[in-house]
Amino acid sequence: MTGSLVAGIGVGVVLLTSIGLVLFARHRRQTHSRCALADELDARLAERLPTGTASHLEQSPTVRHIAVVDSETETPLVVPIVRVDLETTDAPGMKLVLEYVAAVLEAIHPVLDGCEERVDHYDVEFTFGPDGLFVEGECRRVSVAPELAARLLEQERYGAFELWRAVKDADRSDDTPTTLWGDCRRGRSR
């Protein structure tokens, strides 16, 4: 009886260890693939929005982080967070903001649309304002649902202005993660 109990415990320990190793390996593969994905997205952003493209853009936008919203499903649900550092002291106008949002989405959505991970929404963050030793600049974001990003690529007459209207309308609803000019979420950089 004692031998059976010890054997049962031993089998249980081996089984739990095996499951733990499989889950750890899966997590490690997903993390590595997210880093590779972020690098690919950064390359596309640098290609589509190179330094000096616009008067307020001294460096290309970059992927700050690919946040995992739901990892329990077979295909994880993620939020790509792209940072656009504007070299302005004042808040930018919505026209300029949505032109950048549209350009960012046109650059990265095709890659993420064909990816194994599903996108919950895109966060495009904007930093601006004085930044120094005693003062911290502002950070605001525009969150866009993937359906709206897809429209930019699928519909010929759908651009930054149409995106602005759709984001503004969706921001009024609690059923969507879409946000127009919300505070940035604090979180880690990749």
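Please read all numbers here as calculations on a predicted model, not as lab measurements.

Engineer: So what exactly am I meant to see when it comes to the nonpolar core here?
Structural biologist: One broad trend across soluble globular proteins is that nonpolar side chains are buried collectively. Counting residues in each nonpolar core, the largest one holds 40 residues, and the members touching the most others are V101, I108, F126, V142 and L163. In terms of residue count, helix 2 (residues 94-113) provides more of this core than any other element does, twelve residues in total. When sequence neighbours within four positions are dropped, the list of residues in contact with I108 reads L41, L45, V82 and Y122.

Engineer: For this particular structure, what's the right way to read the environment of T127?
Structural biologist: On the secondary structure map, T127 appears in strand 4 (residues 122-128). Of the residues examined, T127 reaches a relative accessible area of 16% and is grouped as buried. Here the alpha-carbon distance between T127 and E138, two residues eleven residues apart in the chain, equals 5.5 Å. Excluding residues that lie within four positions of it along the chain, T127 makes contacts with R83, V84, D85, L86, E138 and C139. Of note is the side chain of T127, whose polar atom sits 2.4 Å from the side chain of D85.

Engineer: Looking at this structure, how should I read the pairing of strand 1 (residues 62-70)?
Structural biologist: Each regular strand shows side chains that alternate between the opposite faces of the sheet. Pairing geometry for strand 1 and strand 2 (residues 77-85), over seven bridges, is antiparallel. The residue of strand 2 that forms the bridge with H65 is I81. In textbook terms, the turn of a hairpin is the stretch between consecutive antiparallel strands, and for strand 1 and strand 2 this stretch comprises six residues.

Engineer: Got a minute to help me understand the packing of helix 2 against helix 4 (residues 160-171) in this structure?
Structural biologist: A pair of packed helices is captured by two measures, namely the crossing angle of their axes and the spacing between those axes. Where helix 2 contacts helix 4, the axes come no closer than 9 Å and their chain directions differ by 100°. The angle between helix 2 and helix 4 falls in the class roughly perpendicular. On helix 4, the residues that touch M94, L98, E99, V101, A102 and L105 of helix 2 are A160, L163 and W164. Here the contact of helix 2 with helix 4 is built from residues that sort into eight nonpolar, no polar and one charged.

Engineer: What is the right way to read the state of the cysteines from this model?
Structural biologist: Simply put, disulfide is the name for a covalent bond between the sulfur atoms of two cysteines. One pass over the full model with this rule turns up one disulfide. One disulfide in the model links C139 with C184; its S-S distance is 2.0 Å. Taking the torsion about the S-S bond as the criterion, the C139 to C184 disulfide, at about -80°, is left-handed. A residue pair is termed long-range when its members are at least 10 positions apart, and C139 in strand 5 (residues 138-144) and C184 in the segment after strand 6 (179-183) qualify at 45 residues. In this structure, C139 and C184 share a single accessibility class: buried.

Engineer: Could you clarify how one ought to interpret the pairing of strand 5 in this entry?
Structural biologist: Counting buried positions along strand 5 gives six out of seven residues, so the element sits mostly inside the fold. As defined by bridge partners, strand 4 adjoins strand 5 across seven bridges and the pair is classed as antiparallel. Residue pairing across strands places F126 opposite R140, the latter belonging to strand 5. Of the strand pairs in this sheet, strand 5 and strand 6 are connected by four bridges, and their pairing is antiparallel. In the sheet register, R141 faces strand 6, and the bridge partner there is G182.

Engineer: Quick question: what am I supposed to make of the pattern of salt bridges here?
Structural biologist: When the charged atoms of two side chains lie near each other, side chains of opposite charge can form a pair. Tallied over the entire structure, the rule returns eight salt bridges. Residue E117 pairs with R34 through a salt bridge whose shortest N-O separation is 2.9 Å. Placement of the pair is E117 in the loop between helix 2 and strand 3 (118-119) and R34 in helix 1 (residues 2-48), with a sequence separation of 83 residues. Each member of the pair E117 and R34 is classed as buried. Between D169 and R172 there is a salt bridge, with its nearest N and O atoms 3.4 Å apart. Each of R64, R83 and E125 takes part in salt bridges that share partners, so that together they form one network.

Procedures and definitions
- Residues numbered from 1 in each chain as written.
- Predicted model: local features only at pLDDT ≥ 70, side-chain atom pairs only at ≥ 80, totals over all residues.
- Heavy atoms only, no water.
- Core = buried A, V, L, I, M, F, W, Y, C linked by side-chain atoms within 4.5 Å.
- Buried < 20%, exposed > 50% of the residue type's maximum accessible area, 1.4 Å probe, protein only.
- Helix = DSSP H or I, 4+ residues; strand = E, 2+ residues; numbered from the N terminus.
- Contact = heavy atoms within 4.5 Å.
- Polar contact = N/O pair within 3.5 Å; in protein donor to acceptor, adjacent residues only side chain to side chain.
- Pairing = 2+ DSSP bridges.
- Axes fitted to C-alpha atoms, helices over the stretch in contact; angles between N-to-C directions.
- Parallel < 35°, antiparallel > 145°, perpendicular 65-115°, else oblique.
- Nonpolar A, V, L, I, M, F, W, Y, C, P; charged D, E, K, R; others polar.
- Disulfide = S-S within 2.5 Å.
- Salt bridge = Lys/Arg side-chain N within 4 Å of Asp/Glu carboxyl O.

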